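Understanding the architecture of this molecule
The primary structure of each chain is shown beneath.
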Amino acid sequence: MTDTTPLSLHPDRLFPADPETRAIARELYNSVKDLPIVSPHGHTDPSWFASDEPFANPAALFIIPDHYVFRMLYSQGVPLEELGVPRIDGGWTQTDPRKIWHRFAENFHLLRGTPSRMWLDHAFHAILGITERLCPANADRIYDQIDAKLKTDEFRPRALFERFGIELLATTEDPLDDLRHHRAIAASGWKGRVVTAFRPDNVTDPEHPRFREALPELGRITGEDVTTWDGYLAALRNRRRYFIEHGGCTSTDHGHPTAHTENLPQEEAAALFGKIVRGEGDANDAERFRGQMLTEMARMSLDDGLVMQIHPGALRSQNPAVTNVFGEAKGDDWPSRTEYVNALKPLLNAYGNERNLTIILFTLDESNYAREIAPLAGHYPALRIGPAWWFHDSPEGMRRFREQVTETGGFYNTVGFNDDTRAFLSIPSRHDMSRRVDCSFLARLVAEHRLEKDEAFAVAQDLAYNLVRQAYRL
Amino acid sequence: MTDTTPLSLHPDRLFPADPETRAIARELYNSVKDLPIVSPHGHTDPSWFASDEPFANPAALFIIPDHYVFRMLYSQGVPLEELGVPRIDGGWTQTDPRKIWHRFAENFHLLRGTPSRMWLDHAFHAILGITERLCPANADRIYDQIDAKLKTDEFRPRALFERFGIELLATTEDPLDDLRHHRAIAASGWKGRVVTAFRPDNVTDPEHPRFREALPELGRITGEDVTTWDGYLAALRNRRRYFIEHGGCTSTDHGHPTAHTENLPQEEAAALFGKIVRGEGDANDAERFRGQMLTEMARMSLDDGLVMQIHPGALRSQNPAVTNVFGEAKGDDWPSRTEYVNALKPLLNAYGNERNLTIILFTLDESNYAREIAPLAGHYPALRIGPAWWFHDSPEGMRRFREQVTETGGFYNTVGFNDDTRAFLSIPSRHDMSRRVDCSFLARLVAEHRLEKDEAFAVAQDLAYNLVRQAYRL
Amino acid sequence: MTDTTPLSLHPDRLFPADPETRAIARELYNSVKDLPIVSPHGHTDPSWFASDEPFANPAALFIIPDHYVFRMLYSQGVPLEELGVPRIDGGWTQTDPRKIWHRFAENFHLLRGTPSRMWLDHAFHAILGITERLCPANADRIYDQIDAKLKTDEFRPRALFERFGIELLATTEDPLDDLRHHRAIAASGWKGRVVTAFRPDNVTDPEHPRFREALPELGRITGEDVTTWDGYLAALRNRRRYFIEHGGCTSTDHGHPTAHTENLPQEEAAALFGKIVRGEGDANDAERFRGQMLTEMARMSLDDGLVMQIHPGALRSQNPAVTNVFGEAKGDDWPSRTEYVNALKPLLNAYGNERNLTIILFTLDESNYAREIAPLAGHYPALRIGPAWWFHDSPEGMRRFREQVTETGGFYNTVGFNDDTRAFLSIPSRHDMSRRVDCSFLARLVAEHRLEKDEAFAVAQDLAYNLVRQAYRL
């Protein structure tokens, strides 16, 4: 271990440096650190838990699927092929995981100051027992250590799930999914609770790349005539019911380019749908249709109780040179300026005052936290504020979230933490980071005598555990 | 008092935790904490001071009129009727103040981390002598304590005004107001200085809900022909004069949906007015007319010396389910994205360089602080920067204001604090909060050796007292 | 020296107050404080270094050319004439530098809390040896002290350049500049490295106030037919080559009102150019043409290696009452809301994936740091993030930059510091401020155990010295 640097995790990491504030943060954190993890929104693969096969190798676990990691290396000139990202055309990409690992180790410094670095160090040390910081000199040794661990039973998905203290993990599936993995998990007798979330974008967004195939398929599997508005709605209701019954689903999720909503008279909605089915709709029609479908989903939620999540404002697959070669979600997705107060008005006029409906709003445009999201959620009974999302799911991002949301929206219109990840081994670290950042924020309020300590302990429990269960009806 | 928690106000509340910075903040604060309160903009009811009647009961004082409080409870499912908010149609609403108080006490935790909680605790403890934190178990006892106090002479409006150390309090009236309460106060011989501010939105904004009735009424009380442009302007000049002479008015206030201004040739302005008077104007005409009226108001200010306040960007009464039942300003108002640099250009081209004109700009869109407001006010002699407004009139909001405004706009283009409140008992707490947050900001500059201590003392006096008097010409 | 206050610079200035964090900041800072200054972008006058004449007097050095200073005084009612700003029409302006200095001293308090105040104090004390804080009582004495220093050889431009430890200083010239001063410097045998940057706005922006004269002049000096698209492009290539060969140029700079880009087919671009040359283009054509020229410049950069800087979103010379009398860049310039992700798409689709191209993006709209700039630069190999710009080149501004950029963009997609100044004596202070703020940010990461200390030392070196040299190819 000469030439290398020890790796450890400081027990006070992420707490403010001021000793008094840090001591309070530590106390608060100690009261919530061992609470179960509730992960109500994310993108892990349910087949992991259905099959319980070991993870293939360190590169397949940490690099190839993690767009946070490979985007940063790509931005500094490392070709995605050298990081093993598969090409759509089957063309050459690095398949030797050890070589991929070498490239990663050479560029590990690029992640300094990013949350990915903290998530990785946590996974390496706390989960995998690595005691050196990754660098080119020890890349092979660390690869071997991780690889050996991954071959043991304790590092299979189900064992990790249990070790991580996960009480519930939600995956995300589209309406065409048959939920075979969720059903297999249920049938297996394993106690781990892995539920699905209903994400209908491929059948509600006319501009979704798979809308044209997905719509008829929706008709096929539901037996409904999805060329008619009524049949289409019935098919969606049918799948929601299926997701509830066969996937433990408690929520829907809507990833739209904007927060635009509509509440058209049904005849108009039917006419718009007809236009779209006939392929005659333009971009404006697509926007209106997506907006109408948010209101339709809210209406269905009033019947079946599913909690709505709205994730607007991401521009996806924006770099054709990457998307055309490597496919979607390859790090070329980013936020855009997003408007809420006018965009949501039709939906909120219709259902914002419902006490039995929960709509969780997310944003990638932080200028909305204090300006739009907190004021809206501090008024409408149906609205809740989703946690800091995606790029903002980071120490500074989560701090800004609390600083900008709390005073107008309060703590009780927020819904705990979402890890939103496909990187399974980052889940404990992400939840731990969230608890540490929230406890640091609370500690500052206590140290500044803006919140009494006994109340801070109560809020810490709520932010780490209670609110997510209430909001997502778990 | 078993089962309850003591209530006290920590002398260091709102100061940074770092001991050195806190010590400086404390020193600075001690030098300004006893300065008189100058409240140049707000929404208290002048009849309180004219009649000096006692406040009715705790619910009528703290809950029913405070939209910060009832909006948060409403957002978590408490019906406004249960909080005693009166219905327009006279339908049922809770009229037993004690029952309203119970609902409030049950939900008091919802205000954790909000400025309302700090304002309430301050009023309860520092003003009303309550020594327990409000909770369901002590709700009745605290209700009785407050109710008893309110029946005593020391808790009548004028006695409180004097006890609070208020040097001047501005209310806000529209041009049709006859200022009877201000005249009654003046005639009463009481020394308290309660002045009015001239807010003409109901006769300058064609989309104001009362524009159609207000305009002819303006003609009636001024004897001017308000169907002509010249008569209309004369009527406004007349009422400004009346407000100055009978209400001690030194400022106007303009609450527009945007910061749009126009500087049309007079013939064009007259034609636009004609269109609006005839009811032929559309939304675009309304926007242009409001914009033109800001420039007309600036022109009149050059004559009569009234300071202009522009409060743009609030969307008001946005939830029909609330507005239609309970009326305006019931917590369904929020910010929207607001643009200044282009919107203000016509007005600034005309009068931005005037040294005898003061235009105070406010924003609910904090992204403008550093990007637009501070750069504009750091150039134009006529412009000043209003304090953190509404939702941002909070510890974090006021901190962001100073952090984002000071470096480009300086301290001397700001104008002290506005409490902007209709909650009379929150006034001492709000000014105290502002002084604490400003002194904390200054203390950080001193601790980081970015400002000398002697200068920080001078600036603290300016921010707490001198600048507001200068800017509002008091 | 009675009645005056001592002036000194605290060694810990700008470091966080928390003792542990401060100690780390100090250590980090000590490791970079003596590194050479690399100034890759700014607006100093190359004739200073060509002629090496002494600076005329204190007012000519510190007030008359510094729009940060005179804008703040103007905003508080001081006429620009009294600050010696020359009028275009040759009308009266104060020419007695001592009287200008008096006005400055009387209003020196207006700069409290601004970076200008820190830059000035640094220049006064660390460079000029002044030991009293400027005030009306000592204004004459300090004037005399500075004036005497300026007459000595140690305060001539080249001596200061060397004393400041400047390794390289870039000025900014337009394509019509013959670079005589750069050539004179080279011919003089002086070792100081003063290079140019190629800023073609006057020949690429049809709305530039000098476009109409500049375009034919470009044709004249290059011998190309700039009435044709091909001739025009050839002329630009010619001047880029000239700037590289005769001015040591390594970068271009583009100051556009927006970040709009286009990538038109060449025939369409040629047609658009024709329309503009014939004076038939409208505002939309101008916007499209500027956008097209960014893509053309990127294409040329792929050939000749010049690094591109894009500075979008400044609205310039906005106050006619100032511009018409005093000319451009007189403090009436400010940011506007700016959009990047859609605006840059044509350019990024064409060249964003190039590893041999560097495009440095700046913004005056801080809401873009975390929302658009960091996500883009964290993906595209060609993109880098320029430092906090203009109004945001301040302690709070630079802190927000690191806090909002680092987690998504990383440190290695940033490019060190730009002083961007025409105030030569502020250069050491500005670089010192940047190093102190960056080290403070790093110290917080270390104190919060988000970055290991050895890595923080490496990053501090990179931010202060290595990244700027790499990014600007120096």
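Starting afresh in each chain, residues are numbered from 1 along the sequence in its written order. Lettering of chains starts at A and numbering of ligands starts at 1, both following the order in which they are written. Totals for whole chains, interfaces and linings use all residues, but because this is a predicted model, local features are given only for residues with pLDDT of at least 70 and pairs of side-chain atoms are given and counted only at 80 or more. Side-chain calculation: all heavy atoms of the structure are included, whereas hydrogens and water are not.

Section: helix α19 (residues 427-447) of chain C
All names here are of chain C. The following threshold applies: Strands here mean DSSP runs of E at least two residues long; helices mean DSSP runs of H or I at least four residues long; both are numbered from the N terminus. Multiplying 1.5 Å by the residue count of a helix minus one yields the expected span of that helix. Between buried and exposed lies partly exposed: a residue is buried under 20% and exposed over 50% of the maximum accessible area for its type, with that area taken using a 1.4 Å probe on protein chains only.
An ideal rise of 1.5 Å per residue puts 30 Å on 21 residues; α19 measures up with 30 Å between its terminal C-alpha atoms. Counting buried positions along α19 yields 21 of 21 residues, so the element is predominantly enclosed. Among the residues trailing α19, H449 stands out with phi positive, at a value near 60°.

Quick word on the side chain of S394 of chain B
The line we're drawing: As used in this structure description, the phrase polar contact means that two N or O atoms lie within 3.5 Å; if the pair is within protein, one of them must be able to donate a hydrogen and the other to accept it, and residues adjacent in sequence are counted only when both atoms belong to side chains. Note on definitions: a residue-residue contact is assigned when non-hydrogen atoms from the two residues lie within 4.5 Å.
Mapped onto the elements, S394 of chain B comes out in the loop between β9 (383-385) and α18 (395-409). Polar contacts involving the side chain of S394 of chain B include one to the main-chain amide nitrogen of G397 of chain B, which spans 3.1 Å. Filtering out sequence-adjacent residues up to four positions away, S394 of chain B remains in contact with E407 of chain A together with P115 and M433 of chain B.

Brief notes about the domain arrangement of chain A
Interface extent is often summarised as the accessible area lost during association of the parts. Residues and elements named next belong to chain A. Condition: Residue ranges for the domains trace back to a domain assignment, done automatically or taken from a database. Summed over both partners, the accessible surface that disappears when two parts come together, traced with a 1.4 Å probe, is what is meant by buried area. Salt-bridge detection follows one rule: a side-chain nitrogen of Lys or Arg within 4 Å of a carboxyl oxygen of Asp or Glu.
Considered domain by domain, chain A is made up of domain 1 (19-51 + 164-472) and domain 2 (54-155). Computed over C-alpha atoms, the centres of domain 1 and domain 2 are 28 Å apart. Contacts between domain 1 and domain 2 engage 25 residues on the former and 23 residues on the latter. Both faces considered, domain 1 and domain 2 share a buried interface measuring about 2100 Å² in area, 72% of it formed by carbon and sulfur atoms. Broken down residue by residue, the surface that domain 1 buries against domain 2 is led by F326, L425 and R430, which jointly contribute 29%. Where domain 1 packs against domain 2, one counts zero salt bridges. Joining domain 1 to domain 2, the criterion identifies two residue pairs in polar contact (both at pLDDT 80 or more).

A short note on the relation of the copies chain C and chain A
Stated formally: Alignment of copies: least-squares fit on C-alpha atoms of residues with pLDDT of at least 70 in both copies.
If you rotate chain C by 120° and push it 0.0 Å along the axis, it lands on chain A with an RMSD of 0.0 Å. Each copy turns onto its partner about a three-fold axis. Scanning chain C for the C-alpha nearest the rotation axis identifies D18 of chain C, at a separation of 3.5 Å. Of the interface residues in chain C, just 4% have counterparts in chain A that sit at the interface too, so the contact is made through distinct surfaces.

With respect to the interface of chain C and chain A
Between chain C and chain A, the contact holds 47 residues from the first and 52 residues from the second. For the chain C and chain A pair, buried surface summed over both sides reaches about 3900 Å², with 49% attributable to carbon and sulfur atoms. When the area that chain C buries against chain A is broken down by residue, the three leading residues are R371, H379 and E407 of chain C, summing to 19%. At the junction of chain C with chain A, the criterion picks out eight salt bridges. E455 of chain C is the salt-bridge partner of R133 of chain A, the closest N and O atoms lying 3.7 Å from each other. Counting the contacts that link chain C with chain A gives 29 residue pairs in polar contact (both at pLDDT 80 or more). When contributions to the side of chain C that touches chain A are tallied by element, the ones reaching two or more residues are α1 (19-32), α16 (345-351), α17 (368-377), α18 (395-409), α19 and α20 (453-471) of chain C.

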